[in-house]
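# Structure at a glance
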Amino acid sequence: MEITNVMEYEAIAKQKLPKMAFDYYASGAEDQWTLKENREAFSRILFRPRILIDVSRIDMTTTVLGFKISMPIMVAPTAFQKMAHPEGEYATARAASAAGTIMTLSSWATSSVEEVASTGPGIRFFQLYVYKDRNVVAQLVRRAERAGFKAIALTVDTPRLGRRESDIKNRFVLPPHLTLKNFEGLDLGKMDMSNDSGLASYVAGQIDRTLSWKDVKWLQTITSMPILVKGVLTAEDTHLAVQAGSAGIIVSNHGARQLDYVPATISALEEVVKAARGRLPVFLDGGVRRGTDVFKALALGASGIFSGPDQVAD
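Residues numbered from 1 in each chain as written. Predicted model: local features only at pLDDT ≥ 70, side-chain atom pairs only at ≥ 80, totals over all residues. Heavy atoms only, no water.

## Some remarks on the overall build of the protein
Heads up, the condition is: Only DSSP runs of H or I with at least four residues qualify as helices, and only runs of E with at least two residues qualify as strands; both kinds are numbered from the N terminus onward. The size measure is the radius of gyration over C-alpha atoms, and the globule rule it meets is 2.2 Å times the number of residues to the 0.38 power. Three labels apply to residues, based on accessible area from a 1.4 Å probe with only protein chains included: buried if under 20% of the type maximum, exposed if over 50%, partly exposed otherwise in between. Contacts are assigned to residue pairs that have any heavy atoms within 4.5 Å of one another. All accessible-area figures derive from a Shrake-Rupley calculation using a 1.4 Å probe, and residue coverage is judged against the displayed protein chains alone. Residues counted as positive are Lys and Arg, residues counted as negative are Asp and Glu, and His and the chain ends are not counted. Charged groups are reduced to one reference atom each: NZ for lysine, CZ for arginine, CG for aspartic acid, CD for glutamic acid.
If you tally the helices and strands in the protein, you get twelve helices and ten strands. Relative to the globule expectation of 20 Å for 314 residues, the C-alpha radius of gyration of the protein, 19 Å, shows essentially globular dimensions. The dimensions of the protein, computed from C-alpha atoms along their principal axes, are 60 × 50 × 40 Å. Relative to its full complement of 314 residues, the protein shows a buried share of 50%. Of the contacts made within the protein by residues no fewer than 6 positions apart, 70% connect residues no fewer than 24 positions apart. Roughly 14,700 Å² of accessible area belongs to the protein as shown, and the carbon and sulfur atoms make up 55% of that amount. The protein carries 37 positive and 34 negative side-chain charges, and their two centres are separated by 3 Å.

Right, here's the structure in full:
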């Protein structure tokens, strides 16, 4: 079957993947209103095309945090990629590098920062969850830096995991042959079965609910990597992100997997861009399926977008 657009991958994935894996990748929180809205909000934005402009030479290259990339489209952090394919994050890293763009590796990857670095050259960012044990965090950040990662994307919208009802029904847990590779040596790599979602139980046990703006400052003391704050949706938090010395903002609702009934990211983008007033770059993830979506985000002030299947669990 010839695939002509990104949407068509979903139907194929549904046929090929085990139900637990597909549901994990595909679903949003609770009523999944925001999951639908992430797409529908894009479809309400229309173009006013100008004509008779010389477009014989097009340059899509751009710079992100000083790194030159081939296009303003980057790879969002996506957890547990080996659930979908044995090559998992290795294949994603090689593809992003071949495309001349940035890959963001999830904290909850099924390949470690060192393994991903070993796939060859490439500009890579590291998505970070802050664990209750700050030594674990400091160690992980240092490892990412040593492995040549260039920035931290700090997820700030997950003090606890969103209520993803299909994961609860499926009693979601990582398949036994996979681990959270970055945490393997720290005895935090396994996820136990639970009478809920195994991931929700893991997050409740490990992720720090006290996370606040002071921790952005703390991160700056342990790394020289720039810090992108991932999960901002309002002008108020944009001002705080600027005050905290963030290098950039990712307008994100976690692929609609955290709090349901928040706006689509494309609807929140303009507010955040206005509040940022050019003091730091603003990026977007969530609901991006076509080049026209990317163009809409750029036209509304984004410096680039991150795309994943759909910004899953980071």
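## Regarding unusual backbone geometry
Even without being glycine, Leu-52 reaches a positive phi, approximately 55°. Note on placement: Leu-52 falls in the loop between α3 (33-43) and β1 (62-64). With a phi close to 50°, Leu-65 is a non-glycine residue in the positive phi region.

## Some words on the packing of aromatic side chains
To describe a pair of aromatic rings, you give the distance between the ring centres and the angle between the ring planes. How we decide: Only the six-membered ring of Trp is used, alongside the rings of Phe and Tyr, when aromatic pairs are assigned; centres must lie within 6.5 Å, and planes under 30 degrees apart are stacked while those over 60 apart are edge-to-face, with the rest tilted. Geometrically, a lysine NZ or arginine CZ counts as sitting over a ring once it is within 6 Å of the ring centre and also within 35 degrees of the ring normal.
Counted according to the given criterion, the structure contains twelve aromatic pairs. Both rings, one in Tyr-24 and one in Phe-80, keep their centres 5.2 Å apart while their planes meet at 35°; by these two values the pair is tilted. Here Phe-80 lies in the loop between β3 (73-75) and α4 (88-98) and Tyr-24 lies in helix α2 (residues 19-26), a separation of 56 residues in the sequence. For the residue pair Tyr-24 and Phe-80, the accessibility class agrees, reading buried in each case. Residues Phe-283 and Phe-306 carry aromatic rings whose centres are separated by 5.8 Å and whose planes lie at 75° to one another, so their mutual orientation is edge-to-face. Of the two residues, Phe-283 is situated in strand β9 (residues 282-285) and Phe-306 in strand β10 (residues 304-307); the sequence distance between them amounts to 23 residues. There is no split in this pair, since Phe-283 and Phe-306 are both buried. What links up through ring pairs into an aromatic cluster is the set Trp-108, Tyr-129, Tyr-131, Phe-183 and Tyr-202. We note Lys-296 situated over the ring of Phe-47; from NZ or CZ to the ring centre the distance is 5.4 Å.

## Here's the deal with the UniProt feature "binding site: glyoxylate" (unreviewed entry) in the protein
Filter applied, for reference: UniProt positions are given in the numbering used here, feature names are shortened, and annotations may be inferred rather than shown by experiment. By the criterion applied in these results, polar contacts are pairs of N or O atoms within 3.5 Å in which, for protein atoms, one can donate a hydrogen and the other can accept it, and in which residues neighboring in sequence qualify only through two side-chain atoms.
Those residues carrying the UniProt feature "binding site: glyoxylate" (unreviewed entry) are Tyr-24, Tyr-129, Arg-164, His-254 and Arg-257 in this numbering. One can find His-254 in the loop between β8 (248-251) and α11 (265-276). For His-254, a relative accessible area of 0% translates into the label buried. Within the structure, His-254 has its side chain in polar contact with the side chain of Asp-157 (distance 2.8 Å).

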